[in-house]
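These are the residues of each chain, in order.
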Amino acid sequence: MKKLLDLSMLKWGAAIIGFFVFRLPGALIGFFVGSLLDNFGSRNNGDGNTIFGNMTRQKVSPADFEMQLISLCSIVIKADGTISQRELDYVRQYFVQTYGKEKANTIFRTFNEVNKKHEISAKRICYYLNQRVRYEVRLQLVHFLFSIAQADGAVSASEVETIRDIAAYFKLGKNDYESIKAMFIKSANNSYKILEITKNATDDEVKKAYRTMVKKYHPDKVVTQNEAIKKGAEEKFKEVQKAYETIQAERGIG
């Protein structure tokens with residue numbers, strides 16, 4: 001009876017995923033469903049899935065993650081109504097360096113075919129990834145998207161708005177989002193914003209905030225095979241250290 005129930009759950013899971021991506025070509029649908037059946041019901045026993053109480057978080061395959069990532073890149077590049085060649089080059093360079101020219105071209109071709117026929121939904125992509133990647137990885141995805149927006153020299157207001165929406169879909173906390181944003185858009189009290197505190201914080205609160213950020217954003221927390229996300233984690237960690245050192249110098253904190 002239990003086996004029959006498990007099988008039914010698998011079928012329903014496949015049906016839901018099939019419906020969720022029904023607008024994509026059949027090959028992608030088959031891929032997503034196959035991934036679901038492969039991962040559904042697995043426990044954290046070395047297969048990459050994470051257990052939250054009785055909930056099992058699905059792992060996302062490299063090929064699937066690549067498609068979701070390039071889709072989010074496309075949304076940010078188009079955010080201000082003009083397609084910046086520098087931003088395109090930034091994304092292409094990343095994919096070529098990470099996957100090699102041949103595989104990168106294949107990824108772009110597949111994306112272009114899908115993009116011509118179907119509208120890309122940031123909300124749908126984020127909903128899909130929320131169930132499959134950890135919060136720390138989602139933080140670094142937003143960091144990477146800001147890097148793309150900045151590739152042409154400045155992050156426009158429309159790009160900020162678009163990334164803010166994506167961060168909201170990713171269910172990022174407001175302070176986390178503002179901390180990442182402060183690394184790309186300089187303003188008053190920038191170092192304090194990065195550490196998620198105000199300028200009125202005491203020296204002890206500054207030290208505590210730094211220790212918290214180190215634990216929260218250490219690259220070792222980001223479990224992923226994606227080089228862009230790993231690099232983003234390292235860059236963000238350096239920004240946290242830099243912000244703390246700036247405040248240390250201003251206050252003379254030992």
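For the structure, check the block above.
Quick summary incoming for the structure in this document. (Residues numbered from 1 in each chain as written. Predicted model: local features only at pLDDT ≥ 70, side-chain atom pairs only at ≥ 80, totals over all residues. Heavy atoms only, no water.)

## Points about the overall build of the protein chain
Okay, step 1: Secondary structure assignment for the protein chain yields 12 helices and two strands.
Okay, step 2: Here the protein chain holds 254 residues, and 42% of them are scored as buried.
Okay, step 3: Excluding contacts between residues fewer than 6 apart, the proportion of contacts in the protein chain whose partners are at least 24 apart in sequence is 67%.
Okay, step 4: When the accessible area of the protein chain is evaluated, it comes to approximately 14000 Å², of which 54% is carbon and sulfur surface. (Helix = DSSP H or I, 4+ residues; strand = E, 2+ residues; numbered from the N terminus. Buried < 20%, exposed > 50% of the residue type's maximum accessible area, 1.4 Å probe, protein only. Contact = heavy atoms within 4.5 Å. Areas by Shrake-Rupley, 256 points an atom, 1.4 Å probe, with all protein chains shown as cover.)

## Examining unusual backbone geometry
Okay, step 1: Even without being a glycine, Lys171 presents a positive backbone phi close to 65°.
Okay, step 2: Positionally, Lys171 belongs in the loop between α8 (157-169) and α9 (174-182).
Okay, step 3: Despite not being glycine, Glu196 shows a phi value in the positive range, around 65°.
Okay, step 4: Within the secondary structure layout, Glu196 lies in the loop between α10 (190-194) and α11 (203-217).

## Quick word on the nonpolar core
Okay, step 1: Counting residues in each nonpolar core, the largest one holds 60 residues, and the members touching the most others are Leu72, Phe95, Leu129, Phe146, Ile166, Phe170 and Leu195.
Okay, step 2: For Phe170, the contacting residues outside a window of four places in its chain are Leu72, Cys126, Leu129, Asn130, Arg138, Leu141 and Val142. (Core = buried A, V, L, I, M, F, W, Y, C linked by side-chain atoms within 4.5 Å.)

## Things to note about the packing of aromatic side chains
Okay, step 1: All chains considered together, the criterion is met by seven aromatic pairs.
Okay, step 2: For the ring pair Tyr90 and Phe144, a centre distance of 6.2 Å and an interplane angle of 40° mean the geometry is tilted. Within this pair, whereas Tyr90 is found in helix α4 (residues 85-99), its partner Phe144 is found in helix α7 (residues 135-150), the two being separated by 54 residues in sequence.
Okay, step 3: You can call Tyr90 partly exposed: its relative accessible area is 26%. (Phe/Tyr/Trp six-rings, centres within 6.5 Å; stacked < 30°, edge-to-face > 60°.)

## What to know about the side chain of Ser71
Okay, step 1: Relative to the elements of secondary structure, Ser71 occurs in helix α3 (residues 62-77).
Okay, step 2: Not counting chain neighbours up to four residues away, the residues in contact with Ser71 comprise Phe111, Ile120 and Ile125.

## Overview of the pattern of salt bridges
Okay, step 1: Summed over all chains, the structure comprises three salt bridges.
Okay, step 2: Taking the shortest distance from any N to any O, the salt bridge between Glu66 and Lys103 comes out at 3.3 Å. One end of the pair, Glu66, is in helix α3; the other, Lys103, is in helix α5 (residues 101-117), and 37 residues separate them in sequence.
Okay, step 3: With relative accessibility at 39%, the residue Lys103 sits in the partly exposed group.
Okay, step 4: Ionic pairing is found between Arg251 and Asp203, a salt bridge with its closest N-O pair at 2.8 Å. With a gap of 48 residues between them, Arg251 in helix α12 (residues 227-251) and Asp203 in helix α11 connect regions that are remote in the sequence.
Okay, step 5: Arg251 gets classed as partly exposed once you look at its relative accessible area, which sits at 26%.
Okay, step 6: For Asp203, a relative accessible area of 34% corresponds to the partly exposed category. (Salt bridge = Lys/Arg side-chain N within 4 Å of Asp/Glu carboxyl O.)

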